[in-house]
There are 4 protein chains.
Amino acid sequence: MKVELVALTHFVDYEDNPLFGDGCVVVGGAEDVIEDAGRLCYGGESAGSQEEQARFIGARIAQGHESILEHASATFLIDGISRACMAQLTRHRLSSFSVRSQRYCDESDADYVVPPALIGCDDGDAELLFRATASHAIDVYRQLVDRGVRKEDARFILPEATATKMMMTCNFREWRHVIRLRCDKAAQWEIRAVAMEVLRQLHKVAPAVFADLWGMYGG
Amino acid sequence: MKVELVALTHFVDYEDNPLFGDGCVVVGGAEDVIEDAGRLCYGGESAGSQEEQARFIGARIAQGHESILEHASATFLIDGISRACMAQLTRHRLSSFSVRSQRYCDESDADYVVPPALIGCDDGDAELLFRATASHAIDVYRQLVDRGVRKEDARFILPEATATKMMMTCNFREWRHVIRLRCDKAAQWEIRAVAMEVLRQLHKVAPAVFADLWGMYGG
Amino acid sequence: MKVELVALTHFVDYEDNPLFGDGCVVVGGAEDVIEDAGRLCYGGESAGSQEEQARFIGARIAQGHESILEHASATFLIDGISRACMAQLTRHRLSSFSVRSQRYCDESDADYVVPPALIGCDDGDAELLFRATASHAIDVYRQLVDRGVRKEDARFILPEATATKMMMTCNFREWRHVIRLRCDKAAQWEIRAVAMEVLRQLHKVAPAVFADLWGMYGG
Amino acid sequence: MKVELVALTHFVDYEDNPLFGDGCVVVGGAEDVIEDAGRLCYGGESAGSQEEQARFIGARIAQGHESILEHASATFLIDGISRACMAQLTRHRLSSFSVRSQRYCDESDADYVVPPALIGCDDGDAELLFRATASHAIDVYRQLVDRGVRKEDARFILPEATATKMMMTCNFREWRHVIRLRCDKAAQWEIRAVAMEVLRQLHKVAPAVFADLWGMYGG
């Protein structure tokens, strides 16, 4: 499994200058946007210091004023998770998704995810049985496609373990919600591993916004 | 596959009467609510006749004023669709879903969906191969559960064809969106069959709201 | 201010019978839909008794499984609130709104809302000053419209106190969220009065869903 | 009125390096994220050239595959619009808002917006009447606050013309929707001016995504 931050909100200065290529320059990070949005509500202005900013953002979160976190978003590339895990992730309806399409892509060389609990379980028999069955299913997929069955129909035989790839974007308020639900011990191991890695990287780029959650689940 | 309307918005008269059981009586249908909401925007009142109501609602839709359709919702029980189709349906993020949980439910007796294109294809060989492989996968699921593997892990071996069951609720504006996308000939056969059946039943209970779509895809 | 439940989800039996008018008959209330949706997730069936249903729904809410509440919706007609209160209500983005349009409707006879704190305050002077100023503004609106100014422009002079009328629809999960935020003592008096009345009526028609909130804010 | 792009999604390379400050470096713009997301769905990879990227994104939009646009967001600071215009903007429910709070901020020195149609209309009398009435209302607000009335109540006397300030964030798909609705000639002049300025700046930083709309409304 690979979980990797690929896009992030930055504070920009828009330049109305025909000589200037993309029209704006990055002048700050996601937390600068969030602080400014929060100060605006109360008629104040940015304090200027990193410490004051972290304190201000922490206080808003503690107070439940989380709407200001919606001004920053982060996108993760999530690769090598099972379709079962993908189905859980895509239930988060305030998120945005782009998923490898099994209607258009050929899955003849698809990989699959083995649940860790199977590894070594029952003298290795369970794992062997699982691997043989999954490999056979992918082989049958290949045969069906070879016989002219459409990919969108052949995929019906693929196991839920089949590996997939997606991009997922949430604003910070929604990432906090996803993390709270999915880093919880009631979550399944796979989505939990995704959420833990998301938290680890987000905490690095926006420490004030994710400090409390990092304290709870990280480290 | 079974697609069945199980819940619907009704116009009610709230009675503040301790003798009166559930607090309200049904006095009209979903389209009465929609007409009233629409008239309110322009400072008007319900015309009283069914024909005037249908004409008013049709005119709002033609004009793009679809927000009034959000005041009515409908819930469908959708049973016997594949997990592949379920994954497509749950991508509609303005909808509400309750899905049979493969983490909690035992799928040892699960059924599976055979894509129609496989039936009879290649002298019946493709169908036989598909059925044998799907049955075997479900059998392996059973064996894994018997060996003490958790259901949430054993399900990784189940095929995407595995049948599932869900309730899906949308407001009428969102149902119109789902129908337009999923009754389209670019949609896959299974979700298209679901959408066609939803349209057929909704057109019966709210003819003015679904008349144009029924004209396009129904009949 | 008038807050009145005008539409509600009902459990229906769809009848595919050409002789049967609107295509479905009401066979139960909103909580029957919610129970069925919840049971479906765990592979169970409705218990049949009202007590069991209330216990089941209460347990799901206590556990945080609130998504099943999204299958039921309720619509309220809210009349005689200020535009200031309307602006607060329409910030609830998971809700649906139809609001009397000040671009299309003539507000020459508009009413206005006087904040209770003004009544009697400062020997009545504050109230008199407020009423005189509000009446004058509405009078100026009338003069502008008479001079040919478009209603959408003339309304710029109307006070935020100007009374308006709207329909607001939420599913039960979202109503619970709105109630928790707006029945809180930190909420402004006007939106709080709306939320309290919504809770009172919803608790009457769906006691199991709103029991805990009624215990907190009602009575 | 001031409308200014203040935050934007950038393509980043996450660096897991304790020596590296904010954890990621900007390696591309919003359209790079969108192209990658789109390619992922079909199992392809970025073409590398700007022209190919623009062609690819344009083709996805033309085809209706707009979900990939959700991976990029932009935030605008909108200052000096009327509360009437703010009420229209905040009706876009897929957007995120932070608005200057009239419950917490003192509006004694508030400015107000004069509809352009009033300027010069009726020998200037309409404008004079409007200005006198608006100024008087703000003066009464000040008097009420001086008498000890809470700001949240005093603001009931403020005109809808009262100037306000907000931050508004949308993903690119939603900005396209807002632009289509609000650059339309049916939109009111004020929100139309906001939308035109948003389009102008977004077209500068993401020309492939907004080319078609710029062709329709810009220039």
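Fair warning: this is a prediction, and the values are worked out from it, not measured in the lab.

Colleague: Is there a simple way to explain the overall build of chain A in this structure?
Modeller: Tallying secondary structure elements over chain A gives eight helices and five strands in all. Counting from the amino terminus, chain A carries its helices and strands in the arrangement β-β-α-α-β-α-β-α-α-β-α-α-α. Relative to a compact globule of 219 residues, whose C-alpha radius of gyration would be 17 Å, chain A shows 22 Å and is clearly more extended. Counting only residues that meet the buried cut, chain A has 58% of its 219 residues in that class. Of the contacts formed within chain A by residues at least 6 apart in sequence, a portion of 67% connects residues at least 24 apart. When the accessible surface of chain A is split by element, carbon and sulfur atoms take 49% of a total near 8400 Å². The averaged location of the 33 negative side-chain charges in chain A is 5 Å from the averaged location of its 24 positive side-chain charges.

Colleague: Teacher, can you tell me more about the interface of chain C and chain D here?
Modeller: With 47 residues of chain C in contact, the opposing surface of chain D contributes 47 residues. It is Arg93, Phe156 and Glu160 of chain C that lose the most area in chain C upon contact with chain D, and together they represent 20% of the buried surface on that side. Between chain C and chain D we count four salt bridges in total. For Glu160 of chain C, the salt bridge identified is with Arg155 of chain D, shortest N-O distance 3.8 Å. At the junction of chain C and chain D, the tally comes to 22 residue pairs in polar contact (both at pLDDT 80 or more). Secondary-structure elements contributing two or more residues to the side of chain C that touches chain D are helix 3 (83–89), strand 4 (96–99), helix 4 (125–146), helix 5 (151–154) and helix 7 (189–205) of chain C. At eleven residues, helix 4 of chain C tops the list of elements feeding residues into the side of chain C that touches chain D. Of the residues belonging to the side of chain C that touches chain D, the class tally is 25 nonpolar, ten polar and twelve charged.

Colleague: Sorry if this is basic, but what is going on with the pattern of salt bridges here?
Modeller: Side-chain pairs of opposite charge can arise whenever the charged atoms involved come near each other. On inspection of all chains with the given rule, the structure shows 60 salt bridges over all chains. When the shortest N-O distance is used, the salt bridge between Glu160 of chain B and Arg83 of chain A registers 3.7 Å. Placement of the pair is Glu160 of chain B in the loop between helix 5 (151–154) and strand 5 (163–171) and Arg83 of chain A in helix 3 (residues 83–89), with the two residues belonging to separate chains. Arg83 of chain A carries the same exposure label as Glu160 of chain B, and that label is buried.

Colleague: What is the right way to look at the relation of the copies chain D and chain A in this model?
Modeller: Between the two chain copies there is a screw-like relation: a rotation about an axis and a shift along it. With an RMSD of 0.0 Å, the operation that places chain D on chain A is a rotation of 180 degrees combined with a shift of 0.0 Å along the axis. In symmetry terms, the pair is related by a two-fold rotation axis. Closest approach to the rotation axis within chain D is made by the C-alpha atom of Thr9 of chain D, at a distance of 2.1 Å. Both copies share a contact surface, since 100% of the interface residues of chain D are interface residues in chain A too.

Definitions and limits used
Starting from 1, residues in each chain are numbered consecutively following that chain's sequence as written. Labels are handed out in written order, letters beginning with A for the chains and numbers beginning with 1 for the ligands. Reporting of local features is limited, given that this is a predicted model, to residues whose pLDDT is at least 70; pairs of side-chain atoms are given and counted only at 80 or more, and all residues count toward the totals for whole chains, interfaces and linings. Excluded from the side-chain calculations are hydrogens and water; all other atoms, namely the structure's heavy atoms, are used. Under the DSSP-based scheme used, a helix requires at least four consecutive residues in state H or I and a strand at least two consecutive residues in state E, with every element numbered from the N terminus. Restricting the calculation to C-alpha atoms gives the radius of gyration, and the globule rule supplies 2.2 Å times the number of residues raised to the power 0.38. Each residue is assigned to one of three classes by its accessible area relative to the maximum for its type, calculated with a 1.4 Å probe on protein chains only: buried under 20%, partly exposed between the two thresholds, exposed over 50%. The contact rule is simple, with two residues in contact once any of their heavy atoms fall within 4.5 Å. Method for areas: the Shrake-Rupley scheme with a 1.4 Å probe, in which residue coverage is limited to the protein chains shown. His is not counted here, nor are the chain ends, while Lys and Arg score as positive and Asp and Glu score as negative. Charged side chains are reduced to one point each, which is NZ for Lys, CZ for Arg, CG for Asp and CD for Glu. Throughout, the accessible surface (probe 1.4 Å) given up by two parts as they are put together, summed over both, is called the buried area. When a carboxyl oxygen of Asp or Glu is within 4 Å of a side-chain nitrogen of Lys or Arg, the pair counts as a salt bridge. Here a polar contact is recorded for every N or O atom pair within 3.5 Å, except that within protein the pair must consist of a potential hydrogen donor and a potential acceptor, and residues adjacent in sequence are included only if both atoms are side-chain atoms. Under this grouping Gly is polar, as are all residues other than the nonpolar Ala, Val, Leu, Ile, Met, Phe, Trp, Tyr, Cys and Pro and the charged Asp, Glu, Lys and Arg. In superposing the copies, a least-squares fit is computed on C-alpha atoms, taking residues whose pLDDT is at least 70 in both.

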